[in-house]
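# Summary of structural features
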Amino acid sequence: MPDRLTARAAIAALTDDFEELAVPGESAAPGRDGDGPLTWAGYADSRARATARTGEEESVVHGLASIGGRRCVLVSFEFGFLGGSLGRRTGDRLEAAYEAARTRALPLVSLIATGGSRMQEGMVALTQLQRVARASARLRAAGPAQLAVLRDPTTGGGWATLGAGADVILALPGAQVGFAGSRVRPPAADPHAYTAEGQLAAGQIDAVVPPGELPQTVAHWLRALHAPGSPALPAPVPDALSTTGLPESGWDAVRQARSPARPRAEAYLDAYFDHRLPLGGDRCGGTDPGLLCGFGRRDGRSIAYVAQCGTATRPAGYRAAARVIRLADRLGVPVLTLIDTPGAANDAEAERAGAGAAIAEAFAAMAEARVPVTTLVIGEGGSGGALALAAPGNTHVTRDSYFSVIAPELAAAILKRAPQEVRATADQLRLRPQDLVELGFARSVVGPPDRL
């Protein structure tokens, strides 16, 4: 079991400075509302003992903080106070924290350690989740980012609101994370599913971060999730990383794009960004290792990225891409997409996972984006599976790329042509980089630095 820091120790370990905020109109203090709304015998005494033990009046501390020089509103849970449970007065403090972030236009960082809703307050405690969800929605509508750090444990309503509802979710190694706490799970449940590592593998959180790296990681994220107030400028088009020439035929274009020696997305991202922070998973139980996405910094600017890695993109990849594009749009951060896929995954598993709906979601996110999106095709542009992540009107292509309504082999098969006619079919599809510019799909063919 990971070490459990107190609320204030967790704050001290993360922040440069912290100023606690008062709670206007906080619900009745323990001494005035006795044993609570259910008149649960001994509840007042339990709270008094929790205060004596922890020095806190409630399970949450909140205030203004600086992390790596970036200002934010910070919430920290005190697990020693009745298991960090959420009651009416916890709801007061959480609502006040969200409102402080909204009125000050600051991101909200939550250091969560909770066992869930406080049973001694019954439905009054449970409905605090609705208060938190409403406050979170108001902050989201106003724009500022929400970042959660999952400590041990993060279960119940705290996970299902502040945790899973955040834009970026980090967790400490070994933290217990799940809607069901350890005492209410099915006896045969896989314990790994309820850990930070298990949730990462399932695409429910973005990263597991060792305690020593947490301050720097959170500071990086606060910088990356911030955009200037002025309209976002488009992300610069990356330079091509290959010196290959333009293909003479359609089949040459396909062959160059499929070459195993061609530079891939990882190389492009490394060359493009000074620093990048990956986001992982679709928050629906899936991950796609063939799609990289997140936020990066380039020349002091934040740019979100979505990059296909040359494999068939799976439904989880499209959902993750849509999530990143929508977050960037809300924050006013421009987006870069790198296209490289033979097409969307079309196996039975992909169909069961909702391939059509996931691709539609990606198309919708691109169509709705108010921030500029820049696209570079760096390899294969396979049909709608690639087009879903291509920016209308601002797509560029490298010399070792192609884009086609369908793969030449499949086109020939549909047309009942002999295998030897595949090359001629590739020419008919006009899929070469120079063809794509001529057809008006691409704005330019991008070469290496200082070359046409």
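Here, the structure is the one placed above.
Everything numeric in this text was worked out from a predicted model, so none of it was measured. (Residues numbered from 1 in each chain as written. Predicted model: local features only at pLDDT ≥ 70, side-chain atom pairs only at ≥ 80, totals over all residues. Heavy atoms only, no water.)

## What to know about the pairing of strand 6 (residues 168-171)
Residues V168 and L170 point to one face of strand 6 and I169 and A171 to the other, with burial holding for every one of them. Alignment of strand 5 (residues 146-155) against strand 6, held across 4 bridges, turns out to be parallel. Residue pairing in the sheet places L150 in a bridge with A171 of strand 6. Tracing the backbone out of strand 5, into helix 7 (residues 156-163) and back to the parallel element strand 6 gives a crossover that is right-handed. Across 2 bridges, the pairing between strand 6 and strand 8 (residues 207-208) is parallel. Of the residues in strand 8, the one forming a bridge with A171 is V208. (Buried < 20%, exposed > 50% of the residue type's maximum accessible area, 1.4 Å probe, protein only. Helix = DSSP H or I, 4+ residues; strand = E, 2+ residues; numbered from the N terminus. Pairing = 2+ DSSP bridges. Right-handed = clockwise from strand over helix to strand, strands pointing away.)

## Here's the deal with the packing of aromatic side chains
Counting across every chain of the model gives 4 aromatic pairs. Of the aromatic side chains, those joined through ring pairs into one cluster are Y272, F273 and Y305. We note R47 situated over the ring of Y43; from NZ or CZ to the ring centre the distance is 4.2 Å. One cation-aromatic arrangement involves R298 over Y272; the distance from NZ or CZ to the ring centre is 4.1 Å. (Phe/Tyr/Trp six-rings, centres within 6.5 Å; stacked < 30°, edge-to-face > 60°. Lys NZ or Arg CZ within 6 Å of the ring centre and 35° of its normal.)

## With respect to the environment of G212
Tracing the backbone through its elements, the reader meets G212 in the loop between strand 8 and helix 9 (214-224). On the accessibility criterion, G212 (73% relative accessible area) is exposed. The spacing of G212 and L14 is 198 residues in sequence and 9.3 Å in space, taken between C-alpha atoms.

## What about the packing of helix 12 (residues 315-331) against helix 14 (residues 355-368)?
One can describe the packing of helix 12 onto helix 14 by two numbers: an axis separation of 8 Å at closest approach and a directional angle of 20°. Classed by the angle they form, the pair helix 12 and helix 14 counts as roughly parallel. The chirality of how helix 12 crosses helix 14 is left-handed. On helix 14, the residues that touch P315, Y318, R319, A322, I325, R326 and D329 of helix 12 are A355, A358, I359, E361, A362, A364, A365, M366 and E368. A class-by-class count of the residues in the contact of helix 12 with helix 14 yields 11 nonpolar, no polar and 5 charged. (Axes fitted to C-alpha atoms, helices over the stretch in contact; angles between N-to-C directions. Parallel < 35°, antiparallel > 145°, perpendicular 65-115°, else oblique. Left-handed = near helix turned anticlockwise from the far one by under 90°. Contact = heavy atoms within 4.5 Å. Nonpolar A, V, L, I, M, F, W, Y, C, P; charged D, E, K, R; others polar.)

## Quick notes on the side chain of D400
Residue placement: D400 occurs in the loop between strand 14 (395-398) and strand 15 (402-404). Here D400 sits buried without a salt bridge, and the closest side chain of opposite charge, R262, lies 5.1 Å off (N-O distance). There is a polar contact of 3.3 Å between the side chain of D400 and the side chain of S242. For D400, the side chain forms a polar contact with the side chain of T398, separated by 2.7 Å. Non-local contacts of D400, meaning those with residues more than four positions away in its chain, are made with S242, T244, Q256, A257, R262, P263, I378 and G379. (Lys, Arg positive; Asp, Glu negative; His and termini not counted. Salt bridge = Lys/Arg side-chain N within 4 Å of Asp/Glu carboxyl O. Polar contact = N/O pair within 3.5 Å; in protein donor to acceptor, adjacent residues only side chain to side chain.)

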